[in-house]
Amino acid sequence: MTDDAPADATIDTFYDALEALGQPVVTASRFAQQLDVPQSEATDALDSLVDAGTVERQDVSTDPVVYYPSEWSRMTDRERVIVFPERRQLVVDKPHQFTRAQLSQFARLVDTTGSEGYLYEITQADIWQAPYDGVEELLATVRDVLPERLPDLEDWIESQWERAHQFVLRTHEDGYVVLEAASEDLMGNVARQKLDEDHLRAAISDTESWVAEESIAEVKRILYEAGYPVVDQRDLDTGEPLPVDLDLDLRPYQHEWVQSFLEGNSGVLVGPPGSGKTVAAMGILSRIEGETLILVPGRELASQWRDELLSHTTLTDDQIGEYHGGTKEIRPVTIATYQTAGMDRHRHVFDDRKWGLIVFDEVHHVPSDVFRRTADLQSRHRLGLSATPLREDDREEEIFTLVGPPIGTDWDALFDAGFVAEPSVEIRYVPWADETARNEYVSSHGHERRQLAASNPAKVEEVRHLLRAHEGEQALVFVDYLDQGRELSAALDVPFVSGETRHARRSELFESFRSGLRDTLIVSRVGDEGIDLPSAEVAIVASGLGGSRRQSSQRAGRTMRPEGQATMYVLATRGSREEDFARQRMRHLAEKGVRVTESSAESVEPDST
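Fair warning: this is a prediction, and the values are worked out from it, not measured in the lab.

Draft legend 1. Spotlight on the side chain of Thr340. The residue Thr340 is located in helix H14 (residues 338-341) in this model. Residue Thr340 is classed as buried on the basis of its relative accessible area, which comes to 8%. A distance of 2.9 Å separates the side chain of Thr340 from the side chain of Thr337, its partner in a polar contact.

What follows is the structure, given as structure tokens:
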């Protein structure tokens, strides 16, 4: 570009001018208007772009000269960011990896169009939990992404950042915990109005109160719900030192997860199954090197954690204990079930030990009335793990309050980068087996009606057909009803694993599947969470569409692996509520970048009646 050309007249501003005008070509006069510069400068800038080979020049009869891009394809391949500041939403078309990484710091992905378009939203919680030391650093990232400065949006971001730093928990020099407010008004009209004597022991000053040790988690939750996140700066014990090394190399995004966690001392790793959240957690454990409590929803996952720790860290067998219905060992690293750790008669076992790190696996369990008691176990470092922390009771915000802010990478970014293979999801609509089955459904109500649609006998043949089509591949068939699981098991001569299956037999079947000795398993909800079955190439959801969005993600996640695209089939009875449930549940996966298609069952002819 010539020395006297306007500094901002680049090929990008040329494309911006074409978009603003809604035309494929531009004249020097219209370009000058867009840049608000004299026409002579605009002409020089355009000619320099012609000399660079990025723009073409053509004489026409209606105007002396028009300019158009040399590469028309760039008009369709360019990244575009459109902001709706009043709704605090951004639509990003064909975003670069850098843009998506920056957006993940202050916004959340809420939808995808399926054609490389993404809808992001900026919420209060996103600003409260943004991983920055100061608001100027946060605003610098926002400005990196947005196409222009938006003062009103920036003012709102600043106000939310300030709101998130109004209350601080700290340790008094005498050892007790103090809640400190930024002003007398906040302490008097917010904290002391929302909290009672069970939470605050006594006033220390107009801006400080003595907090009951056993109520710290509750104090944080109540103030968060009131719109004031609490900054936790307590001097928490790290427990006895525990030297440990990790024998694995972390992926770049896992390094980022670990670093983000260590900067804040708490957080929830959010990523799809197969993205290595457990590996990242072990990386965090090796950096902290303090005694660790790992909480899991079931015994199978406890055994799995033990195997992973022994395989990939320098921890020895005598340093790892399990505490649940099968065994009760307290060791420097203890793996316990939520159910056991939340029981009053066992709580003192965990309360009496100083933990340097507490890991909440499948962290969406924490807000439930039984499991949330474990969130009162406070340590310097609190780590949650979840593929999707969604809850149907809309209490997922409590997860981030009781454990820590979300840390993660959006699913689609991991698909694009090749770290996780994107599954193919297909909804298959199965007709009723016969008129009798249809009439029975029509005359039923409530739960019975849902079960009849879920257990449509025609699904047996469709499952058989799909397994034959994928002969030689490892497949999981998911059911929600025991009777249906037993029926499929008998018809297909395939083992059925449910909560009624003895623990030893369950472990044996899962291990035979992992090792490749068994191609197919039928599983109830025990297969939804945490069970590592990385060799699954096919998942068939025979029933369970009335379940949660999280459940659909977990079942799809059973087929997510670093290599090779797997397939998930969702069977829905045509002419029933399952059709709507299937579309609703699978939409959640589509929002995460997973391709979802629809088709008719191939094994059964549609009922003509």
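Draft legend 2. Structural detail: the sheet that holds strand E17 (residues 381-386). The sheet built from seven strands is open, its strands ordered E14-E15-E13-E16-E17-E12-E18 with parallel pairing. Strands with a single pairing partner mark the edges of an open sheet, and in this sheet they are strand E14 (320-323) and strand E18 (406-408). Each strand axis lies, on average, 20° off the axis of its neighbour in the sheet, ignoring direction. Here helix H12 (residues 277-288) sits on the sheet in contact with strand E12 (266-270), strand E13 (292-296), strand E16 (357-360) and E17, set at roughly 170° to E17.

Draft legend 3. Molecular detail of empty space enclosed by the protein. Throughout the structure, instances matching the rule amount to two cavities of 30 Å³ or more. The calculated volume of the second largest cavity comes to roughly 30 Å³. At the level of elements, helix H20 (458-469) and helix H21 (482-492) are the ones that each hand at least two residues to the lining of the second largest cavity. No other element matches H21, which puts three residues into the lining of the second largest cavity. Tallied by class, residues from the lining of the second largest cavity come to two nonpolar, three polar and two charged.

Draft legend 4. Quick look at the packing of aromatic side chains. Under the defined criterion, the tally for this structure stands at six aromatic pairs. On the basis of an interplanar angle of 85° and a centroid distance of 5.7 Å, the ring pair of Phe167 and Tyr228 is categorised as edge-to-face. Taken as a pair, Phe167 in strand E7 (residues 167-171) and Tyr228 in the loop between helix H10 (216-225) and strand E11 (230-233) lie far apart in primary sequence, 61 residues in all. By the burial criterion, Phe167 is buried, and Tyr228 matches it. In this structure, Arg88 packs its charged tip against the face of Trp156, placed 3.9 Å from the ring centre. Just above the ring of Tyr441 sits the side chain of Arg449; from NZ or CZ to the centre is 4.6 Å.

Draft legend 5. Focus on a negative patch on the surface. Judged by side-chain charge, Glu86, Glu136, Asp152, Asp155, Glu158 and Glu162 come together as a negatively charged surface patch. Top element by residues in the negative patch is helix H8 (residues 151-163). It accounts for four residues. Considering the arrangement of structural elements, one finds Glu86 in the loop between strand E3 (80-84) and strand E4 (89-93).

Draft legend 6. View of the nonpolar core. Judged by nonpolar contacts, the single largest core of 31 residues is most densely connected at Ile294, Trp305, Leu309, Ile335, Leu357 and Leu383. Contributions of two or more residues to this core are made by helix H11 (252-264), H12, E13, helix H13 (299-312), strand E15 (333-337), E16 and E17. Top element by residues in this core is H12. It accounts for seven residues. Once residues within four sequence positions are removed from consideration, Leu309 is found in contact with Met282, Leu285, Ile294, Leu315, Ile320, Val333 and Ile335. If you look at the next biggest cluster of nonpolar residues, it comprises 24 residues, including Ala107, Tyr118, Leu138 and Trp161.

How each quantity is defined
Residues numbered from 1 in each chain as written. Predicted model: local features only at pLDDT ≥ 70, side-chain atom pairs only at ≥ 80, totals over all residues. Heavy atoms only, no water. Helix = DSSP H or I, 4+ residues; strand = E, 2+ residues; numbered from the N terminus. Buried < 20%, exposed > 50% of the residue type's maximum accessible area, 1.4 Å probe, protein only. Polar contact = N/O pair within 3.5 Å; in protein donor to acceptor, adjacent residues only side chain to side chain. Pairing = 2+ DSSP bridges. Axes fitted to C-alpha atoms, helices over the stretch in contact; angles between N-to-C directions. Contact = heavy atoms within 4.5 Å. 1 Å grid on protein atoms, 1.4 Å probe; cavity = no way out; pocket = protein on both sides within 12 Å on 5 of 7 lines; lining within 4 Å. Points joined across faces, edges and corners; volume = space filled by probe spheres on them. Nonpolar A, V, L, I, M, F, W, Y, C, P; charged D, E, K, R; others polar. Phe/Tyr/Trp six-rings, centres within 6.5 Å; stacked < 30°, edge-to-face > 60°. Lys NZ or Arg CZ within 6 Å of the ring centre and 35° of its normal. Patch = residues over 30% accessible without salt bridge, like charges linked within 9 Å, V, L, I, M, F, W, Y side chains within 5 Å. Areas by Shrake-Rupley, 256 points an atom, 1.4 Å probe, with all protein chains shown as cover. Salt bridge = Lys/Arg side-chain N within 4 Å of Asp/Glu carboxyl O. Lys, Arg positive; Asp, Glu negative; His and termini not counted. Charge placed at Lys NZ, Arg CZ, Asp CG, Glu CD. Core = buried A, V, L, I, M, F, W, Y, C linked by side-chain atoms within 4.5 Å.

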